[in-house]
Amino acid sequence: KHYGCSFKKELKRYGTQDIFVLCTRGELSKYRVPNLLNSYQQHGIIVHHHPIPDGDTPDIANCCTILEELRGCLENNRKTLIHMHTYASLFLTVAACLLLQLSDAMEPQEAIESLRNLRGSGAIQTIKQYNYLHDFRENLAAHLSTKDAILRSVSR
């Protein structure tokens with residue numbers, strides 16, 4: 001089977017350099033594309049694989065890693081694709097976190113509304129995702145202070 005062969009050619013035609021995938025390997029197998037990540041890499045695309053089970057949210061450390069990699073791609077003007085099959089709501093949650101990280105003035109509800117205006121009313125679907133966004137800055141601050149404390153103790 002050459003599932004998605006033309007899709008991968010289209011990615012290269014548009015100059016896609018990076019792709020973010022949140023599916024677990026088990027879910028890729030379930031959707032009958034177990035070799036998708038390898039296939040992207042074989043086409044010269046850098047794969048940012050951050051497996052998060054469907055319906056879940058990333059822990060704050062994983063979210064920070066995703067945001068850091070995504071910002072790096074955007075700041076370096078890399079053509080970046082976000083692979084969203086059944087994960088549209090999850091990745092839009094991450095996108096809302098990016099908006100909150102980029103603008104201290106933006107409130108969580110504004111980020112949600114902004115993404116809903118772009119992607120429709122289903123952009124942030126679950127209570128868990130809604131709460132995650134409302135707690136994001138507090139959790140981010142706690143994560144960064146813990147990370148900073150660890151780095152200080154290691155450097156002594």
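Rules of the game
- Residues numbered from 1 in each chain as written.
- Predicted model: local features only at pLDDT ≥ 70, side-chain atom pairs only at ≥ 80, totals over all residues.
- Heavy atoms only, no water.
- Helix = DSSP H or I, 4+ residues; strand = E, 2+ residues; numbered from the N terminus.
- Buried < 20%, exposed > 50% of the residue type's maximum accessible area, 1.4 Å probe, protein only.
- Contact = heavy atoms within 4.5 Å.
- Areas by Shrake-Rupley, 256 points an atom, 1.4 Å probe, with all protein chains shown as cover.
- pLDDT = per-residue confidence, 0-100.
- Salt bridge = Lys/Arg side-chain N within 4 Å of Asp/Glu carboxyl O.
- Core = buried A, V, L, I, M, F, W, Y, C linked by side-chain atoms within 4.5 Å.
- Phe/Tyr/Trp six-rings, centres within 6.5 Å; stacked < 30°, edge-to-face > 60°.
- Expected span 1.5 Å × (residues − 1).
- Arc of directions from axis to C-beta.

Considering the overall build of the chain
Here comes step 1: Looking only at helices and strands, the chain has seven helices and three strands in total.
Here comes step 2: The N-to-C order of helical and strand elements in the chain reads α-β-α-α-β-α-β-α-α-α.
Here comes step 3: The buried share of the chain, reckoned over its 156 residues, is 37%.
Here comes step 4: In the chain, the proportion of contacts linking residues at least 24 apart, taken out of those at least 6 apart, comes to 76%.
Here comes step 5: Roughly 9300 Å² of accessible area belongs to the chain as shown, and the carbon and sulfur atoms make up 52% of that amount.

Looking at the confidence of the model for the chain
Here comes step 1: Confidence in the prediction for the chain averages 85 pLDDT; 88% of positions are at 70 or higher.
Here comes step 2: Element-level mean pLDDT values for the chain span from 74 in helix α1 (residues 5–13) up to 96 in strand β2 (residues 46–49).

Overview of the pattern of salt bridges
Here comes step 1: For the structure shown, the criterion picks out four salt bridges.
Here comes step 2: Aspartate 56 is paired through a salt bridge with lysine 128; the nearest N and O atoms lie 2.7 Å apart. One end of the pair, aspartate 56, is in the loop between β2 and α4 (60–75); the other, lysine 128, is in helix α7 (residues 127–155), and 72 residues separate them in sequence.
Here comes step 3: For aspartate 56, a relative accessible area of 26% corresponds to the partly exposed category.

Here we look at the nonpolar core
What tends to happen in soluble globular proteins is that the nonpolar side chains get buried as a cluster.
Here comes step 1: With 29 residues, the main nonpolar core has Ile66, Leu67, Phe91, Cys97, Leu133 and Phe136 as its most contacted residues.
Here comes step 2: Among the elements of the structure, α4, α5 (88–102), α6 (108–119) and α7 are those that each provide at least two residues to this core.
Here comes step 3: Looking at this core element by element, the count peaks at nine residues for α5.
Here comes step 4: Filtering out sequence-adjacent residues up to four positions away, isoleucine 66 remains in contact with Phe20, Leu22, His50, Ile52, Phe91 and Val94.
Here comes step 5: Core analysis: the second largest hydrophobic core is formed by 11 residues, Leu11, Ile19, Leu28 and Leu36 among them.

Observations regarding the packing of aromatic side chains
Here comes step 1: This structure, assessed with the given rule, holds one aromatic pair.
Here comes step 2: Judged by centre distance (6.3 Å) and plane angle (70 degrees), the rings of phenylalanine 20 and phenylalanine 91 are edge-to-face. Of the two residues, phenylalanine 20 is situated in strand β1 (residues 18–21) and phenylalanine 91 in helix α5; the sequence distance between them amounts to 71 residues.
Here comes step 3: By relative accessible area, phenylalanine 20 is classed as buried at 0%.
Here comes step 4: Phenylalanine 91 gets classed as buried once you look at its relative accessible area, which sits at 1%.

A few points about α6
Here comes step 1: Taking 1.5 Å of rise per residue, the 12 residues of α6 would be expected to cover 16 Å, and the 16 Å separating its terminal C-alpha atoms lies within 8% of that figure.
Here comes step 2: Regarding α6, the residues found buried are Pro108, Ala111, Ile112 and Leu115. In a view along the axis of α6, the buried residues occupy a sector of 100 degrees, so they form one face of it.
Here comes step 3: A positive phi of about 100 degrees marks glycine 120, the residue just after α6.

Topic: unusual backbone geometry
Here comes step 1: Even without glycine at this site, arginine 32 takes up a positive phi of about 65 degrees.
Here comes step 2: Tracing the sequence through the fold places arginine 32 in the loop between α2 (25–30) and α3 (36–42).
Here comes step 3: Phi is positive for asparagine 77, which is not a glycine, with a value near 55 degrees.
Here comes step 4: With respect to the secondary-structure elements, asparagine 77 resides in the loop between α4 and β3 (80–83).
Here comes step 5: Residue asparagine 77 is classed as exposed on the basis of its relative accessible area, which comes to 69%.

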